[in-house]
Amino acid sequence: SDNLISSLPDEFKLLTSLKVAFFSNCKFTTFPKQLGECNLLEMIAFRSNQMQFIPETKKKNETEEVSGVISLDFKKQGLTQVIFRDLNVTPHVESLTRLDFSDNLISSLPDEFKLLTSLKVAFFSNCKFTTFPKQLGECNLLEMIAFRSNQMQFIPENSFPKSLRWLILTDNLITELPTSIGLCTRLQKCMLAGNKLTTLPDSMSNCKKLGLLRLAVNNITLLPSWLFQLPELAFLGVSSNPCVPPASIEHAKNNVDVKWSDLSLGEQRGQGTSGTVYEGTFNNEPIAIKLYKQGMMITSDGLPSDEINCSIAAGLCSRFNLVQTLGKIIQHPNPLQNGLILNYI
């Protein structure tokens, strides 16, 4: 990784024991066919190259034993389409379990995609899909799907594989879910924040394994009664929907503005979907400082402003085992930066 190489020598295929090969941040424009002959290779990464073309791989003799890769990462390659045209002759079709095509310009998948019979994880975040690709519904082992921040508006019926456990559709334009989602009885985590949903299909009541459901920043006016009867539901995010009034912070004791210049920022202590937590000091006392990711209008939990207001509205409720919010940050050098100061634990 992090070199100026753009090709591999033919002798590369002599690395008969190679299992992992990383070439991220290099200058490849074509996937090197030599890797197709490394029969033990399991993991390949070409993140942030200039790749445009993936050649077909010659079919192996039927008597030849083939061990294919299990993971391929093609993030940020500028790809406009997935070019596996004859997947049944690609030696890795039956072995691939993970594919990541995030941060590309692709908007559809070839019909041959369904031939990835071992695929379990498929990521297509920050691409250009407007319709959920129905080919994924035929990948019978597929468990995790991500289409975060596409331009998705429509999901055809029976597009979700019944094996689905994690579904990530945050920050799209989806107005309704297909009734067939009720067939996904193994579904555990469902991220739908930042869409245009007005309701949930009643068939979702069959998703008895659902433990996390994120619905913030939609147009839902009424939460269905069956939702509160799901036996394993432990996390429900519904801020910025008509069915939920905004958090009131007008009379909260900890609705305090704290100037950035009055804080001392220390080491990073943690990072999550919405931001990063640092240790720091305020008035010579140890505190935690949470800075929300800049430029991220919608997180999996909704809007940063909602989280800030909910944290403040919760007040100093230590008896509920909550981390105490001490105030919100103002006058940061970047006027778009939001942040909280919290009790250091």
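Preceding this section is the structure that the text describes.
The structure presented is a predicted model; accordingly, all values stated were derived computationally and were not measured.

From N to C terminus, the protein chain includes 1 helix and 16 strands. Here the protein chain holds 345 residues, and 48% of them are scored as buried. Contacts in the protein chain between residues at least 24 apart in sequence constitute 41% of all its contacts with a sequence separation of at least 6. Summed over its atoms, the accessible surface of the protein chain is roughly 17,800 Å², and 50% of this surface lies on carbon and sulfur atoms.

Quick look at the packing of aromatic side chains now. Given two aromatic rings, one states the distance between the centres and the angle between the planes to describe the pair. Going through the model one piece at a time under the given rule, you end up with 14 aromatic pairs. Both rings, one in Phe 124 and one in Phe 147, keep their centres 5.0 Å apart while their planes meet at 20 degrees; by these two values the pair is stacked. With Phe 124 in the loop between strand 5 (121-123) and strand 6 (144-146) and Phe 147 in the loop between strand 6 and strand 7 (166-168), the pair connects residues that are 23 residues apart, well separated along the chain. In this structure, Phe 124 and Phe 147 share a single accessibility class: buried.

Take the sheet that holds strand 1 (residues 20-22) next. Spatially, 10 strands are ordered 1-2-3-4-5-6-7-8-9-10 in an open sheet, and the strand pairing comes out parallel. Only two strands of the sheet have a single partner each, and these edge strands are strand 1 and strand 10 (235-237). Neighbour to neighbour, the strand axes of the sheet diverge by 5 degrees on average, direction disregarded.

Bridge analysis of strand 12 (residues 263-271) against strand 13 (residues 275-282) gives 6 bridges, and the strand direction is antiparallel. Bridge pairing in strand 13 links Gly 270 to Val 277. Turn length for the strand 12-strand 13 hairpin, with the two strands adjacent in sequence and antiparallel, is 3 residues.

So, about the sheet that holds strand 12. Read from one edge of the open sheet, 6 strands run 11-15-16-14-13-12, paired in mixed fashion. Edge strands, defined here as strands with exactly one partner in the open sheet, are strand 11 (257-259) and strand 12. Each adjacent strand pair in this sheet contributes to an overall mean axis angle of 35 degrees, direction not counted. Relative to strand 16 (residues 339-343), strand 15 (residues 325-330) runs antiparallel, the two sharing 3 bridges. Residue pairing for strand 16: Lys 328 is matched across the bridge by Leu 340.

This next bit is on the environment of Phe 129. Within the secondary structure layout, Phe 129 lies in the loop between strand 5 and strand 6. Under the relative-accessibility criterion, Phe 129 is labelled buried at 0%. Separated by 22 residues in the primary sequence, Phe 129 and Gln 151 place their C-alpha atoms 5.8 Å from one another. The contact partners of Phe 129, leaving out residues within four places of it in the chain, are Ile 106, Ser 107, Ser 108, Leu 109, Phe 124, Phe 147, Asn 150, Gln 151 and Met 152.

This part takes up the pattern of salt bridges. Tallied over the entire structure, the rule returns 8 salt bridges. One salt bridge connects Glu 267 with Arg 269, and the closest N-O pair in it is separated by 3.9 Å. Side by side, Glu 267 and Arg 269 carry an identical accessibility label, which is exposed. A salt bridge links Lys 290 to Glu 307, with the nearest nitrogen and oxygen atoms 2.6 Å apart. Residue Lys 290 is found in strand 14 (residues 285-292), and its partner Glu 307 is found in helix 1 (residues 304-313); the two are separated by 17 residues along the sequence. Members of the salt-bridge network, linked through shared partners, are Glu 143, Arg 165 and Arg 186.

Time to look at unusual backbone geometry. Across residues other than glycine, the phi torsion is negative in most instances, and most of the peptide bonds are trans. One non-glycine residue, Asn 25, lies in the positive phi region at around 55 degrees. Of note, Asn 25 is situated in the loop between strand 1 and strand 2 (43-45). Positive phi, normally seen in glycine, also occurs at Gln 331, with a value near 60 degrees. Inspection of the secondary structure puts Gln 331 in the loop between strand 15 and strand 16.

Time to look at helix 1. Buried within helix 1 are the following residues: Pro 304, Asp 306, Ile 308, Ser 311 and Ile 312. Here the buried face of helix 1 lies against strand 14, strand 15 and strand 16.

A word on the nonpolar core. If you look at the biggest cluster of nonpolar residues, it comprises 63 residues, and the most contacted ones within it are Phe 124 and Leu 169. Setting aside its immediate chain neighbours within four residues, Phe 124 contacts Phe 101, Ser 102, Ile 106, Leu 109, Phe 113, Phe 129, Leu 136, Ala 146, Phe 147 and Asn 150.

A cluster of nonpolar side chains, namely Val 20, Phe 22 and Met 43, defines an oily patch on the protein surface of about 260 Å² accessible area. Within the fold, Val 20 resides in strand 1.

Definitions and limits used
Residues numbered from 1 in each chain as written. Predicted model: local features only at pLDDT ≥ 70, side-chain atom pairs only at ≥ 80, totals over all residues. Heavy atoms only, no water. Helix = DSSP H or I, 4+ residues; strand = E, 2+ residues; numbered from the N terminus. Buried < 20%, exposed > 50% of the residue type's maximum accessible area, 1.4 Å probe, protein only. Contact = heavy atoms within 4.5 Å. Areas by Shrake-Rupley, 256 points an atom, 1.4 Å probe, with all protein chains shown as cover. Phe/Tyr/Trp six-rings, centres within 6.5 Å; stacked < 30°, edge-to-face > 60°. Pairing = 2+ DSSP bridges. Axes fitted to C-alpha atoms, helices over the stretch in contact; angles between N-to-C directions. Salt bridge = Lys/Arg side-chain N within 4 Å of Asp/Glu carboxyl O. Core = buried A, V, L, I, M, F, W, Y, C linked by side-chain atoms within 4.5 Å. Patch = residues over 30% accessible without salt bridge, like charges linked within 9 Å, V, L, I, M, F, W, Y side chains within 5 Å.

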